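Listed below are the residues making up each chain.
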Amino acid sequence: MRTPVTVLAAIACVLMCAVPAVPAVYGQQASENDSRQSDLEWARILSDWALQSQDSGRNDELEQNLNHALAIRDEQLGPLHPDTLTTVTQLALHFTKMERYNEARQFYDRALAARGDLLGSEHSELADSLLSLADRLHDAAILLMENEVDESLQLRAFALAIAEKVLGPEHAGTLAGRRELGFWLWTDARRLEEENNFDSAETRYLEAIAALEKLDPGPHSLLPQTIHDYADMLWRRGRYEEARPHFERSLTLTETAYGPDAEAVATSLDSLATVLVNLVRYDEAEALWERALDIRVSRLGADDPDTLEILDALAGQVHQPQGRFDKARLLFEQALDAREKMPGGPENLETARGLQNLGHLYRDEGRYDEALPLFERALVITEKVQGLEHTD
């Protein structure tokens, strides 16, 4: 006659091969042998079965088995054991997929509430259990990312903390988790900014920066871009003095990652120069834009639209405000000549933009008779390209 352990091993073997029904004989078996080890082995089988069966459509059975596994683990291991919390997270995932969000939230809240206790004590003998919990937390984070962003990010942070504890901060898995967390924090910060939820966006940007700072700032690092985007948000809100050091740091990191003559460096130079103009530091801004111009001429060509934007900036934001109209005019005329030679000839929106720039300069000089035909020509081009009803 087979022993209980042999029966359980046979059941486990069958369960691992496909997505079968859980054997009904367990009720009899449990009554015959209620030892702690047998109960925990059965909880493991139920949990593994649920993991394999999560997309099988057998939702009632899955829920029943997970609750059974949770009851066993709660009693035998305690509510803070990583195996118990793995089952808690599995139930949260199940209820989320079933769109039973209130029930799911109870289990997510339970898992997150255990973070401090779980990470604050040593569990070296439970490394595999902790990593299994981290995997389930990560699965839940992916599932929740679209509709429950805050909770998803908390679960990612919890999974990362487990990886750091078990694998170490420099393990490839830990670094990948940190990189992923930083990416999603940055993504959410941009979403919040687009929704004009600036206070929350600022918090997210700072969280993303804190996560990404612990990674190697190499060519694939998101840190320079995240700092740049944070600085840009501050700049757009008129917080120029606060934005400046972040633009400077982003520039330094970009130069380190890509070299001093990369196109990404020109973009950082452009941003920093813009905030310096807002701070009425024209000489510093001019030097940065001159450097950005050299990079773009070298990388993109003298007639590329991005290169011409730097000419516009030097003319309209450095020379024109300081009354250096002759220098501004030469640069605006150079940019306009290049735009008129672009595809579409003199009737493209880039040309209209160049005409407007030069027209504004003439207006500032008091040369209204010369400014008017430039504005009129720009209007004709814009109406032809965009239509009469366009708001621009």
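Refer to the structure above for everything that follows.
I will try to describe carefully the structure that is included in this document. (Residues numbered from 1 in each chain as written. Predicted model: local features only at pLDDT ≥ 70, side-chain atom pairs only at ≥ 80, totals over all residues. Heavy atoms only, no water.)

1. Considering the packing of aromatic side chains
Inspection of every chain in the model, using the stated rule, returns 4 aromatic pairs. Measuring from centroid to centroid gives 6.0 Å for tyrosine 205 and tyrosine 230, while their planes differ by 45 degrees, and the two rings are tilted. One end of the pair, tyrosine 205, is in helix H11 (residues 198-212); the other, tyrosine 230, is in helix H12 (residues 223-236), with 25 residues separating them in the sequence. The two residues tyrosine 205 and tyrosine 230 agree in class, both being buried. Cluster of aromatic residues (ring-pair linked, three or more members): Phe183, Trp184 and Trp186. (Phe/Tyr/Trp six-rings, centres within 6.5 Å; stacked < 30°, edge-to-face > 60°. Helix = DSSP H or I, 4+ residues; strand = E, 2+ residues; numbered from the N terminus. Buried < 20%, exposed > 50% of the residue type's maximum accessible area, 1.4 Å probe, protein only.)

2. Overview of empty space enclosed by the protein
Inspection of every chain in the model, using the stated rule, returns 2 cavities of 30 Å³ or more. Approximately 50 Å³ is the volume attributed to the largest cavity. In terms of lining, the largest cavity is formed by Thr96, Tyr101, Ala104, Arg105, Tyr108, Leu144, Glu148 and Glu151. No other element matches helix H6 (residues 101-113), which puts 4 residues into the lining of the largest cavity. Split by residue class, the lining of the largest cavity holds 4 nonpolar, 1 polar and 3 charged. (1 Å grid on protein atoms, 1.4 Å probe; cavity = no way out; pocket = protein on both sides within 12 Å on 5 of 7 lines; lining within 4 Å. Points joined across faces, edges and corners; volume = space filled by probe spheres on them. Nonpolar A, V, L, I, M, F, W, Y, C, P; charged D, E, K, R; others polar.)

3. Let's talk about the nonpolar core
Of all hydrophobic cores here, the largest spans 66 residues; its most connected members are Leu269, Leu272, Trp289 and Leu358. Here this core takes 8 residues from helix H14 (residues 263-278), the largest share from any one element. Contact partners of leucine 272, with chain neighbours within four places excluded, come to Arg244, Phe247, Glu248, Leu251 and Leu288. Ranked by size, the runner-up nonpolar core spans 29 residues in total, among them Leu66, Leu130, Ala140 and Leu155. (Core = buried A, V, L, I, M, F, W, Y, C linked by side-chain atoms within 4.5 Å. Contact = heavy atoms within 4.5 Å.)

4. Topic: helix H15 (residues 282-299)
For H15, with 18 residues, the first-to-last C-alpha span of 25 Å sits near the 26 Å given by 1.5 Å per residue. Of the positions making up H15, those classed as buried are Tyr282, Ala285, Glu286, Leu288, Trp289, Ala292, Leu293, Ile295 and Arg296. If you follow the buried residues of H15, they end up packed against H14 and helix H16 (305-319). Looking one or two places after H15, you find glycine 301, whose phi comes out positive at around 105 degrees. (Expected span 1.5 Å × (residues − 1).)

5. Some thoughts on unusual backbone geometry
Positioned with a positive phi, glutamate 99 is a non-glycine residue whose angle comes to about 60 degrees. A positive phi angle is found at valine 280, which is not glycine, with a value near 60 degrees. Following the sequence through the fold, valine 280 ends up in the loop between H14 and H15.

6. Topic: the layout of surface pockets
Here the largest pocket defines a volume of roughly 320 Å³. Along its surface, the largest pocket is lined by 17 residues, and Leu40, Arg44, Arg73, Asp83 and Ser129 are the ones closest to its centre. Mapped onto the lining of the largest pocket, the elements with two or more residues apiece are helix H3 (36-53), helix H5 (82-97) and helix H8 (127-144). At 7 residues, the largest contribution of residues to the lining of the largest pocket is made by H3. For the lining of the largest pocket, the residue count by class is 3 nonpolar, 7 polar and 7 charged.

7. Some points on the side chain of arginine 296
Within the fold, arginine 296 resides in helix H15. Once residues within four sequence positions are removed from consideration, arginine 296 is found in contact with Glu263, Ala266, Thr267, Gly301, Asp306, Thr307 and Ile310.

8. Regarding the pattern of salt bridges
Under the counting rule described, the total for this entry stands at 39 salt bridges. In this structure, lysine 341 engages aspartate 337 in a salt bridge whose closest nitrogen and oxygen atoms are separated by 3.2 Å. Salt bridges sharing partners connect three or more residues here, namely Asp150, Asp188, Arg191, Glu195, Arg204 and Glu207. (Salt bridge = Lys/Arg side-chain N within 4 Å of Asp/Glu carboxyl O.)

9. Looking at the side chain of aspartate 229
With respect to the helices and strands, the residue aspartate 229 is situated in helix H12. Arginine 190 provides the closest opposite charge to the buried, unpaired aspartate 229, separated from it by 4.1 Å. Setting aside anything within four residues of it in sequence, one finds aspartate 229 in contact with Trp186, Arg190, Glu193 and Tyr205. (Lys, Arg positive; Asp, Glu negative; His and termini not counted.)

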